[in-house]
Amino acid sequence: MKLPVTRYYGSKRRVVEKIWDALAEHHIEFNTMLDLFGGTGIVSYYMAKSGKTVVYNDILSFNCEIAKALLQSPKGVFSEAQALRLLQREPNREYQTIIEDYFDDIYYPRDENRIIDTVVQNITYLDEAEKSSAYYVLFQSCIIKRPFNIFHRKNLNLRTGFTEANFGNKTTWEQSFESLFVKFTRELNEFQFVELPHVEVTNMSALHCNRDADLVYIDTPYFSEKRSAAITYHNRYHFLEGLMHYENIPNQINQVKVNKEIRFGENPEFEKRNHYLEDLNTLLNRHQQSIIALSYTSAGFPSIEELCNVMRQYKNHVLICNLGNHSFALNRNNTDRQEVLIIGL
Ligand SMILES: C[S@@+](CC[C@H](N)C(=O)[O-])C[C@H]1O[C@@H](n2cnc3c(N)ncnc32)[C@H](O)[C@@H]1O
């Protein structure tokens with residue numbers, strides 16, 4: 001199946017087909033799927049394309065907009081002309097300059113900060129049906145322009161102080177917002193559904209999501225085996241989450257952090273190593289009536305064996321499917337890492 005490109009930490013884009021095959025191989029039958037840690041929405045997208053009824057959930061609301069654009073907005077609802085119009089300041093509107101004022105020299109050069117200010121405020125004037133697509137195009141453009149595609153450091157200097165050695169990246173980062181808006185609007189239109197599938201999008205912590213489904217897919221943040229300080233999803237993507245709350249960004253900037261992290265969307269559940277097993281137990285207990293499919297990595301904490309032991313507390317049959325070596329698109333160093341799917345029946 002052709003899938004949209006994702007530049008997201010832990011995206012299952014390269015594994016989703018194998019997840020599907022593993023479920024088929026074990027004759028797992030389901031009509032409804034709950035994707036509790038939906039991220040890019042690629043797993044939900046694959047399932048919806050395959051005719052399943054889907055509930056997508058993620059704690060970060062910017063991810064939910066990406067999912068709504070792909071899954072709940074019909075093809076053709078958002079055009080290249082509309083995308084390009086978002087880049088212009090309307091003469092009769094007053095614009096705030098929050099990104100320009102507070103994020104100088106942090107993530108983007110000043111002229112791009114101004115563009116981000118403009119687009120976010122123009123989006124608020126769009127019809128509901130178009131908003132998610134517009135956010136999709138803005139977020140994908142913001143991500144592709146960032147070194148490593150994330151926001152956990154103030155490192156604009158990597159982009160501005162380039163050398164020959166990373167010239168390839170430089171070309172990517174310096175693409176204009178205009179060309180990126182056209183590129184991502186085209187891409188979105190290529191992948192959006194003509195006839196919308198049965199999809200609900202929810203935005204809460206997985207522990208509070210009260211939806212049910214035949215199959216519950218769990219793809220939590222991963223911890224490495226080593227006890228290094230974990231970078232959370234919030235650390236990586238706070239800037240995009242902040243854009244979802246544009247007017248209130250100034251009150252939510254963590255001034256202690258050099259990279260001016262924005263606090264919206266911070267949540268410790270599944271992001272704290274010493275609490276992870278307790279959170280997972282609560283979640284599996286809650287969904288023990290469903291088939292559970294849990295993605296994890298062999299090079300992670302807890303070990304696959306420990307995770308299977310947790311699963312066995314709630315399910316009678318536990319299958320371990322090795323999906324092969326798929327180092328993260330954003331972390332190619334991890335060559336020994338195996339993707340594993342633990343199925344509880
Ligand atoms: C490994 S990624 C999921 C990737 C996704 N399967 C994909 O293919 O794009 C983990 C996701 O969990 C989300 N997350 C973190 N803590 C969460 C929580 N308590 N509840 C729900 N989602 C959470 C993060 O925002 C992130 O998108």
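Asks: Help me understand the environment of Thr6 in this model?
Replies: With respect to the element layout, Thr6 can be found in the segment before α1 (16-25). Here Thr6 falls in the buried class, since its relative accessible area comes to 16%. The sequence separation of Thr6 and Gly39 amounts to 33 residues, and the corresponding C-alpha distance is 9.9 Å. A distance of 2.7 Å separates a polar atom in the side chain of Thr6 from a polar atom in the side chain of Ser11.

Asks: What is the right way to look at the site of the ligand in this model?
Replies: By nearness alone, 25 residues border the ligand, and Tyr8, Lys12, Thr40, Asp58 and Asp219 come closest of all. The contact in question runs from a nitrogen atom of the ligand to an N or O atom on the side chain of Ser205, over 3.1 Å. Between a nitrogen atom of the ligand and a main-chain N or O atom of Glu269, the distance comes to 3.2 Å. Relative to its free-state accessible area of 600 Å², the ligand is covered by the protein chains to the extent of 99%. For the shell around the ligand, the class distribution of residues is 11 nonpolar, 9 polar and 5 charged.

Asks: Just checking my understanding: could you explain the packing of helix α6 (residues 110-123) against helix α7 (residues 128-144) for this structure?
Replies: The description of two packed helices rests on the angle between their axes and on the distance between the axes. Where α6 contacts α7, the axes come no closer than 10 Å and their chain directions differ by 165°. Compared by their axis directions, α6 and α7 come out roughly antiparallel. Like other packed secondary-structure pairs, α6 and α7 cross with a definite hand, here left-handed. Residues Ile116, Val119, Val120 and Ile123 of α6 pack against Lys131, Ala134, Tyr135, Leu138 and Cys142 of α7. A per-class count over the contact of α6 with α7 returns 8 nonpolar, no polar and 1 charged.

Asks: Can you walk me through the pattern of salt bridges in this structure?
Replies: Where side chains of opposite charge bring their charged atoms close, a pairing between them can arise. For the structure shown, the criterion picks out 17 salt bridges. Salt-bridge contacts for Arg159 lead to Glu112; the nearest nitrogen and oxygen are separated by 2.7 Å. With Arg159 in helix α8 (residues 156-160) and Glu112 in helix α6, this residue pair connects regions lying 47 residues apart in the sequence. Each of Glu112, Lys145, Arg159, Lys170 and Glu174 takes part in salt bridges that share partners, so that together they form one network.

Asks: Can you help me understand the packing of aromatic side chains in this one?
Replies: Aromatic rings considered in pairs are described by the distance between their centres and by the relative angle of their planes. Evaluation of the coordinates by the stated rule reveals 24 aromatic pairs. Centre to centre, the rings of Tyr8 and Tyr233 are 5.6 Å apart; their planes meet at 35°, and the pair counts as tilted. Taken together, the positions of Tyr8 in the segment before α1 and Tyr233 in helix α11 (residues 233-243) put the pair 225 residues apart, joining distant regions of the chain. On the basis of relative accessibility, which here comes to 8%, the residue Tyr8 falls in the buried class. Residue classification places Tyr233 among the buried residues on the basis of a relative accessible area of 15%. Geometrically, the ring pair formed by Tyr107 and Phe151 is edge-to-face, given 5.4 Å between the ring centres and 75° between the ring planes. Highlighted residues: Tyr107 in the loop between α5 (98-102) and α6 and Phe151 in the loop between α7 and α8, separated in sequence by 44 residues. The pair Tyr107 / Phe151 is uniform in exposure class, with both members buried. An aromatic cluster of three or more residues is present, and its members are Phe37, Tyr222, Phe223, Phe270, Tyr276, Tyr296 and Phe301. A cation over a ring is seen here: Arg93 above Tyr125, with NZ or CZ 3.6 Å from the ring centre. Over the ring of Tyr233 we find Arg236; its NZ or CZ atom is 4.9 Å from the centre of that ring.

Asks: Sorry, what's going on with the nonpolar core here?
Replies: Side chains of a nonpolar character, in soluble globular proteins, are inclined to be buried together. Counting residues in hydrophobic clusters, the biggest one holds 80 residues, and the most contacted among them are Leu138, Phe239, Leu240 and Leu243. Residues within four places of Phe239 in sequence aside, it is in contact with Ile99, Phe103, Tyr107, Tyr108, Ile116, Phe151 and Ile262. Counting 28 residues, the second-largest nonpolar core is a separate cluster that includes Cys209, Tyr296, Cys308 and Ile342.

Asks: Help me understand α6, please; the structure alone is not making it clear to me.
Replies: Structural remark: α-helix, 3.6 residues per turn; residues separated by three or four positions point the same way. For α6, spanning 14 residues, the distance from its first C-alpha to its last is 20 Å, which sits close to the expected 20 Å at 1.5 Å a residue. Counting buried residues in α6 gives 10 out of 14 residues, a clear majority hidden from the surface. Residues Glu112, Asn113, Ile116, Asp117, Thr118, Val119, Val120, Gln121, Asn122 and Ile123 constitute the buried set of α6. Among the structural elements, α4 (80-85), α5, α7, α8, α10 (177-191) and α11 are those in contact with the buried residues of α6.

What counts and what doesn't
- Residues numbered from 1 in each chain as written.
- Predicted model: local features only at pLDDT ≥ 70, side-chain atom pairs only at ≥ 80, totals over all residues.
- Heavy atoms only, no water.
- Helix = DSSP H or I, 4+ residues; strand = E, 2+ residues; numbered from the N terminus.
- Buried < 20%, exposed > 50% of the residue type's maximum accessible area, 1.4 Å probe, protein only.
- Polar contact = N/O pair within 3.5 Å; in protein donor to acceptor, adjacent residues only side chain to side chain.
- Near = heavy atom within 4 Å.
- Areas by Shrake-Rupley, 256 points an atom, 1.4 Å probe, with all protein chains shown as cover.
- Nonpolar A, V, L, I, M, F, W, Y, C, P; charged D, E, K, R; others polar.
- Axes fitted to C-alpha atoms, helices over the stretch in contact; angles between N-to-C directions.
- Parallel < 35°, antiparallel > 145°, perpendicular 65-115°, else oblique.
- Left-handed = near helix turned anticlockwise from the far one by under 90°.
- Contact = heavy atoms within 4.5 Å.
- Salt bridge = Lys/Arg side-chain N within 4 Å of Asp/Glu carboxyl O.
- Phe/Tyr/Trp six-rings, centres within 6.5 Å; stacked < 30°, edge-to-face > 60°.
- Lys NZ or Arg CZ within 6 Å of the ring centre and 35° of its normal.
- Core = buried A, V, L, I, M, F, W, Y, C linked by side-chain atoms within 4.5 Å.
- Expected span 1.5 Å × (residues − 1).

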